[in-house]
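# Descriptive structure summary
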Amino acid sequence: MKNLILSTLLIALILSLSWACGTSNESKEVSVSEEGFVPNPQEMAEQPVNKLAIGDKAPYFKLPNVDGKYVSIDDFSDSDALVVYFTCNHCPTAQAYEERFNDVVDNYSGKKVAFVGISPNSPIGILPEELGYSDLDDDFKSMQIRYEDMNYNFPYLYDGDTHEYSLAYGPTATPHVFVFDKDRKLSYSGRLDTSEKPGTANAEDLRMAIDKTLAGEALDPDKAITPAFGCSTKWAWKNEYTIKVNAEWKEKPVEVEKISPSGLADLLKNPSENLMLINFWATWCGPCVVEYPEFIEIQRMYGGRDFQFVSLSMDNPNQEEKVLKFLKSKYSAVPNYLIDTEDKYAVIDVVGKEWDGSLPITLLIEPGGNIAYKKLGEIKALELRRAIVDHPMIGRYY
């Protein structure tokens, strides 16, 4: 009986170990399938950019989709037409065409037409100042977010590490579409239509190109290649300007000015014509210090528009040197204020019901003083960026 019990326990132990190992392997496989790809954008010397002509064969590609799984041109071999759509997250023109392209994909769902989107942009070649019409940049993580936000109904592939395949297609701007026939020869290259503003066109050029391609008819030479208007492709070697502007920002003067509670009351009325973002923080507040660089990034993103970030330190007035040292370390070349009183409750009274006294607090204030967005505690950067860019004073389109 004792041996039987021991044997039973031994079998149970073996099974449990086997199950545990199986679970571990399965989890690893799930992780690989979900991640599948780790982006690594590279600095690189200038490369030749191809320019496809009508009748050219579609260059091969195999690139990671937003789910981390690789997609190649061979995956669309059963389709009678292939549309390769070069786009990105940040460009206002690309954003203006997102819903139209989704509609085209839906409309041709039963006609053996394959659609694939590719982001050719290198994340290292994009400045915050170029993101003023977006809440996202063009890195792989941002692509995943945009894919979900806009319910893309096509694969969205990343080619931002070395432009391995985008160079062969040569997109001049985002968006830029290429249409290939059943033999994967180019039949059309260029724009979706001639009207950027959403609701004013319906991708007529692209639809005509697809219809002609499916019918086996050649497009008129003057219609087969059209200009692709939008943001220029951000090739990795075009980063001299990025380096220059980043260096110039770090050289901007950083100053701090003391402000009284009454002066703060006037500031909160926002007499300017800009959307004002104000962050109350202190050098002794851990979360404040950690998140502060995000506000500088936001100022650089939207500062070229009707927007201004204002920094307000709740340190004691005699800590001006400490506050200034911190601000300089974060390159805070914005209006920086230090409250000129040790009476913190006087400040809380000025802010009023919007504040329970805890730091940090962030307010987005319209001209005239109406608060459009409030966050007590640490910000969620993406949420705040969306509150700014989707505000009627800012917007995503020209």
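Residues numbered from 1 in each chain as written. Predicted model: local features only at pLDDT ≥ 70, side-chain atom pairs only at ≥ 80, totals over all residues. Heavy atoms only, no water.

## Looking at the sheet that holds strand β13 (residues 336-339)
With mixed pairing, six strands are arranged side by side in an open sheet as β10-β13-β12-β11-β14-β15. Each edge of the open sheet carries a strand with a single partner, namely β10 (257-259) and β15 (371-376). Here the average twist between neighbouring strands, direction ignored, is 25 degrees. Across three bridges, the pairing between strand β12 (residues 307-313) and β13 is parallel. The residue of β13 that forms the bridge with Ser311 is Asn336. Strands β11 (275-281), β12, β13 and β14 (361-365) of the sheet are contacted by helix α10 (residues 286-302), whose axis makes an angle of about 155 degrees with β12. Sitting on the sheet, helix α13 (residues 381-389) is in contact with β11, β12, β14 and β15, with an inclination near 170 degrees to β15. (Pairing = 2+ DSSP bridges. Helix = DSSP H or I, 4+ residues; strand = E, 2+ residues; numbered from the N terminus. Axes fitted to C-alpha atoms, helices over the stretch in contact; angles between N-to-C directions. Contact = heavy atoms within 4.5 Å.)

## Comments concerning the nonpolar core
Ranked by internal contacts, the top residues of the largest apolar core, which has 51 residues, are Leu264, Ile278, Phe280 and Phe307. Tallying contributions element by element places α10 first for this core, with seven residues. When sequence neighbours within four positions are dropped, the list of residues in contact with Phe280 reads Leu264, Leu268, Leu312, Met314, Val347, Val351, Trp355, Leu359, Pro360, Ile361 and Leu363. (Core = buried A, V, L, I, M, F, W, Y, C linked by side-chain atoms within 4.5 Å. Buried < 20%, exposed > 50% of the residue type's maximum accessible area, 1.4 Å probe, protein only.)

## What to know about the state of the cysteines
Scanning all chains against the criterion turns up two disulfides. Two residues, Cys91 and Cys231, share a disulfide whose sulfurs are 2.3 Å apart. Handedness of the Cys91-Cys231 disulfide follows from its S-S torsion of about 85 degrees: it is right-handed. Taken together, the residues Cys91 in the loop between β3 (81-86) and α2 (92-96) and Cys231 in strand β9 (residues 231-232) connect sequence positions 140 residues apart. Given the relative accessible area of 0%, Cys91 is considered buried. The partner cysteine of Cys285 in its disulfide is Cys288, sulfur to sulfur 2.2 Å. Handedness here is read from the sign of the S-S torsion; for Cys285 and Cys288, about 75 degrees, the answer is right-handed. Accessibility expressed as a relative area gives 1% for Cys288, which makes it buried. In the chain, the bonded cysteines, taken in the order they occur along the sequence, pair up as 1-2, 3-4. No disulfide involves Cys88; its sulfur sits 5.0 Å from that of Cys91, the nearest cysteine. According to the relative accessible area criterion, Cys88 is buried, its value standing at 0%. (Disulfide = S-S within 2.5 Å.)

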